Amino acid sequence: MSRAPMPYSQKILELFRNPKNLGRMDDATVSAVAGNPACGDMITFYLKVTEDEVIEKATFESYGCAANIATSSMLTEKVKGMKLEDAWKISWKNLVDEVGGLPTVKFHCGVLAIGALRRAIRAYYKDRQAAPEWLPGELTFEEKQALEEEELAKVLSKRMKTTEDGV
Ligand code: FES
C-alpha cells in the first residue's frame, strides 16, 4: 500500500526541486551540524560573516526531507545581508509562513533549520569568546531540537537499543 503524498505548498515543492545555496562552503567563517531527534535527519549550516557581523553568504547541506531542504533554502536566502543579531530573531514560525505553511507533522523540519542557524551563530561567538547582550545564555527551544552529531548519535542508538530489547 502506498502512502499518501504530503500536502506541501507549491513554494515548498519549487524550493525542494531547485534549492538555493545548497552545498558545502569551503571559506565559511563558521559552521554547525544539527540533527533532529524526531526523525534522525541532519543538516549542516555554513555562514560567511564580515567583520561587522553581517552574514555575507549562507549555505547548507541537508540529509533531511523536502520540507527541511525548502526551509533551509529559504532561510539561507533570507539571512544574506543580515546582522547576526537580526538573523537570530527569525523564528521557525516566520519561516514556516514564508514557505506557505507546512503540515503539522513537518514543523520540526523548519525548527531544525532555525536550530542549525542558531547553533552556527552561537558557535561564532563561542569561537571569539564573546557574549553579546542579545544572545541568551541558555539554549533556545530550536537549538535543543537541533542536536550536535554526537548527541544525536547517542539518542538514536539508545532508541535502537530500546527497540531491540523490546522495551
Ligand atoms: S522529516 Fe527529518 S527533517 Fe523533515
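As the structure is a computational prediction, the values presented were derived from the model and not from experiment.

Colleague: Help me understand the overall build of the chain in this model?
Modeller: Helices and strands together make up the secondary structure of the chain, namely 7 helices and 3 strands. Counting from the amino terminus, the chain carries its helices and strands in the arrangement α-β-β-β-α-α-α-α-α-α. The C-alpha atoms of the chain give 16 Å as radius of gyration, which agrees with the globular expectation for 167 residues (15 Å, within 12%). When burial is assessed residue by residue, the chain has 37% of its 167 residues classed as buried. Counted over contacts in the chain with a minimum sequence separation of 6, partners at least 24 positions apart contribute 66%.

Colleague: So what exactly am I meant to see when it comes to the environment of lysine 11 here?
Modeller: Take lysine 11: it is sitting in helix H1 (residues 10–17). Accessibility expressed as a C-beta count within 10 Å gives 14 for lysine 11, which makes it partly exposed. Considered as a pair, lysine 11 and isoleucine 90 are 79 residues apart in the sequence and their alpha carbons are 19 Å apart. Here lysine 11 is in contact with Val99 and Gly100, once residues within four sequence places are set aside.

Colleague: Teacher, can you tell me more about the sheet that holds strand S3 (residues 55–62) here?
Modeller: Strands sit in the order S1-S2-S3 across an open sheet of 3 strands; the sheet is antiparallel. Lying at the two open borders of the sheet, with one neighbouring strand each, are strand S1 (30–35) and S3. The mean inter-strand angle of the sheet, taken between neighbouring strand axes irrespective of direction, is 15°. Across 7 bridges, the pairing between strand S2 (residues 42–49) and S3 is antiparallel. Paired with leucine 47 across the strands is alanine 58, a residue of S3.

Colleague: What's the story with unusual backbone geometry in this structure? I'm lost.
Modeller: Generally, phi is negative for residues other than glycine and the peptide bonds are trans, each holding for most cases. The phi angle at asparagine 21 is positive, at roughly 60°, despite the residue not being glycine. Residue classification places asparagine 21 among the partly exposed residues on the basis of 18 C-beta atoms within 10 Å.

Colleague: Where do I start with the pairing of S2 in this structure?
Modeller: Side-chain direction in a regular strand flips from residue to residue, so the side chains alternate between the two faces of the sheet. When you tally the buried positions in S2, you get 7 out of 8 residues, the bulk of the element. With 6 bridges connecting them, S1 and S2 associate as antiparallel partners. Paired with valine 30 across the bridge in S2 is leucine 47. Counting the residues that bridge the hairpin from S1 to S2 gives 6 residues, and of these glycine 40 lies at a positive phi of roughly 85°.

Colleague: Explanation requested: the nonpolar core in the structure shown.
Modeller: Of all hydrophobic cores here, the largest spans 40 residues; its most connected members are Phe45, Ala116, Leu117 and Ala120. Contributions of two or more residues to this core are made by H1, S1, S2, S3, helix H2 (66–79), helix H3 (84–88), helix H4 (92–98) and helix H5 (107–127). The element contributing the most residues to this core is H5, with 10 residues. Each residue touching leucine 117, except ones within four places of it in the same chain, is listed here: Phe45, Leu75, Val79 and Ala87.

Colleague: What is the right way to look at the confidence of the model for the chain in this model?
Modeller: Do not read the predicted coordinates in detail wherever pLDDT is low. Residues of the chain with pLDDT of at least 70 account for 96%, and the chain-wide mean is 91. The least confident element of the chain, judged by mean pLDDT, is helix H7 (residues 149–164) at 79; the most confident is H3 at 98.

Colleague: In this structure, what is going on with the environment of leucine 22? I would like to understand it.
Modeller: Structurally, leucine 22 is set in the loop between H1 and S1. Considered as a pair, leucine 22 and asparagine 68 are 46 residues apart in the sequence and their alpha carbons are 12 Å apart. Beyond its immediate chain neighbours, meaning those up to four positions away, leucine 22 contacts Thr59, Phe60 and Ser73.

Colleague: What is the right way to look at the packing of H2 against H5 in this model?
Modeller: The relative placement of two packed helices is expressed as an angle between their axes plus a distance between the axes. Remark: H2 packs on H5, axes separated minimally by 8 Å, with the N-to-C direction vectors making an angle of 40°. Classified by the angle between their axes, H2 and H5 sit oblique to one another. Between H2 and H5 lies a crossing of right-handed hand. Contact with H2, carried on its side by Ala67, Asn68, Thr71, Ser72, Leu75 and Val79, involves Cys109, Gly110, Leu112, Ala113 and Leu117 of H5 and no other residues of that element. Considering only residue class, the contact of H2 with H5 consists of 7 nonpolar, 4 polar and no charged.

Basis of the calculations
- Residues numbered from 1 in each chain as written.
- Predicted model: local features only at pLDDT ≥ 70, side-chain atom pairs only at ≥ 80, totals over all residues.
- Helix = DSSP H or I, 4+ residues; strand = E, 2+ residues; numbered from the N terminus.
- Rg over C-alpha atoms; globule rule 2.2 N^0.38 Å.
- Buried ≥ 20, exposed ≤ 12 C-beta atoms within 10 Å, placed from the backbone.
- Contact = placed C-beta atoms within 7 Å.
- Pairing = 2+ DSSP bridges.
- Axes fitted to C-alpha atoms, helices over the stretch in contact; angles between N-to-C directions.
- Core = buried A, V, L, I, M, F, W, Y, C linked by C-beta atoms within 7 Å.
- pLDDT = per-residue confidence, 0-100.
- Parallel < 35°, antiparallel > 145°, perpendicular 65-115°, else oblique.
- Left-handed = near helix turned anticlockwise from the far one by under 90°.
- Nonpolar A, V, L, I, M, F, W, Y, C, P; charged D, E, K, R; others polar.

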